[in-house]
Amino acid sequence: LNCCAFNSFRFLVKGGLAGAAVYVAYDQGLLGSGIEGAEALKKAQETLPPAIQEWTDYLGWEVRAAQLPPTPKIDFSLSASWNKGVHTVMSALSAAPSRACEYSVEGWKYVKDLVK
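None of the values given here were measured: they were computed from a predicted structure. (Residues numbered from 1 in each chain as written. Predicted model: local features only at pLDDT ≥ 70, side-chain atom pairs only at ≥ 80, totals over all residues. Heavy atoms only, no water.)

Caption draft 1: Broad picture of the overall build of the protein chain. Of regular secondary structure, the protein chain possesses three helices and zero strands. Relative to its 116 residues, the protein chain shows a buried fraction of 8%. Carbon and sulfur atoms form 68% of the exposed surface of the protein chain, whose accessible area is close to 10,200 Å². (Helix = DSSP H or I, 4+ residues; strand = E, 2+ residues; numbered from the N terminus. Buried < 20%, exposed > 50% of the residue type's maximum accessible area, 1.4 Å probe, protein only. Areas by Shrake-Rupley, 256 points an atom, 1.4 Å probe, with all protein chains shown as cover.)

Printed below as a string of structure tokens:
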């Protein structure tokens, strides 16, 4: 294969995986409100131990419940912190075009003042 074609294919595969990850996160409610994120976290905590047990049985590994580490106790709301970060980043991205325009106007004014 041509190197350029291979790199293009890799880019498309990586972009598809990233898009799929964002879609799954959105579909599961991880990008919604804090309440939706907390519900998704509870759902994952209920679903993961049986799924791990099923896969270990399938692979022939012996894992007893005592060997699995306990779920850590978190004093702060992880879902609220995550969602706050997502909202902060998204609001910054949505304001970026207008901020860039403002900064470019200020930059031109500064350059014009230097030239005078």
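Caption draft 2: Region of interest: the confidence of the model for the protein chain. In this model, the protein chain carries an average pLDDT of 80, and 83% of its residues clear a pLDDT of 70 or more. Of all secondary-structure elements in the protein chain, the lowest mean pLDDT belongs to helix H2 (residues 34-59), at 79, while helix H1 (residues 3-27) reaches the highest, 87. (pLDDT = per-residue confidence, 0-100.)

Caption draft 3: Fine view of H1. Compared with the 36 Å implied by 1.5 Å per residue over 25 residues, the 36 Å span of H1 between its first and last C-alpha is a close match. Looking at the residues trailing H1, positive phi occurs at glycine 29, about 90°. (Expected span 1.5 Å × (residues − 1).)

Caption draft 4: A look at H2. With 26 residues, H2 extends 36 Å from end C-alpha to end C-alpha; this agrees with the ideal 38 Å at 1.5 Å per step. The axis of H2 is deflected most strongly, by about 30°, at leucine 48, and proline proline 49 appears within four residues downstream. Turning to H2, its buried residues number three or more, namely Gly37, Ala40 and Thr56. Phi turns positive one or two residues past the end of H2, at glycine 60, with a value near 85°. (Bend = angle between axes of the 7 residues up to and from the residue.)

Caption draft 5: Structural view of a nonpolar patch on the surface. On the surface, Val22, Tyr26, Leu30, Leu31 and Trp82 cluster together to form a nonpolar patch covering roughly 530 Å² of accessible area. Following the sequence through the fold, leucine 31 ends up in the loop between H1 and H2. Overall, the relative accessible area of 33% leaves leucine 31 in the partly exposed class. (Patch = residues over 30% accessible without salt bridge, like charges linked within 9 Å, V, L, I, M, F, W, Y side chains within 5 Å. Salt bridge = Lys/Arg side-chain N within 4 Å of Asp/Glu carboxyl O.)

Caption draft 6: Structural view of the packing of aromatic side chains. Evaluated as defined, the whole model comprises one aromatic pair. Relative to tyrosine 58, the ring of tryptophan 55 has its centre 5.6 Å away and its plane inclined at 85°; by these criteria the two rings are edge-to-face. Of this pair, tryptophan 55 and tyrosine 58 both sit in helix H2, three residues apart, roughly one helical turn. Both residues of the pair, tryptophan 55 and tyrosine 58, count as exposed. (Phe/Tyr/Trp six-rings, centres within 6.5 Å; stacked < 30°, edge-to-face > 60°.)

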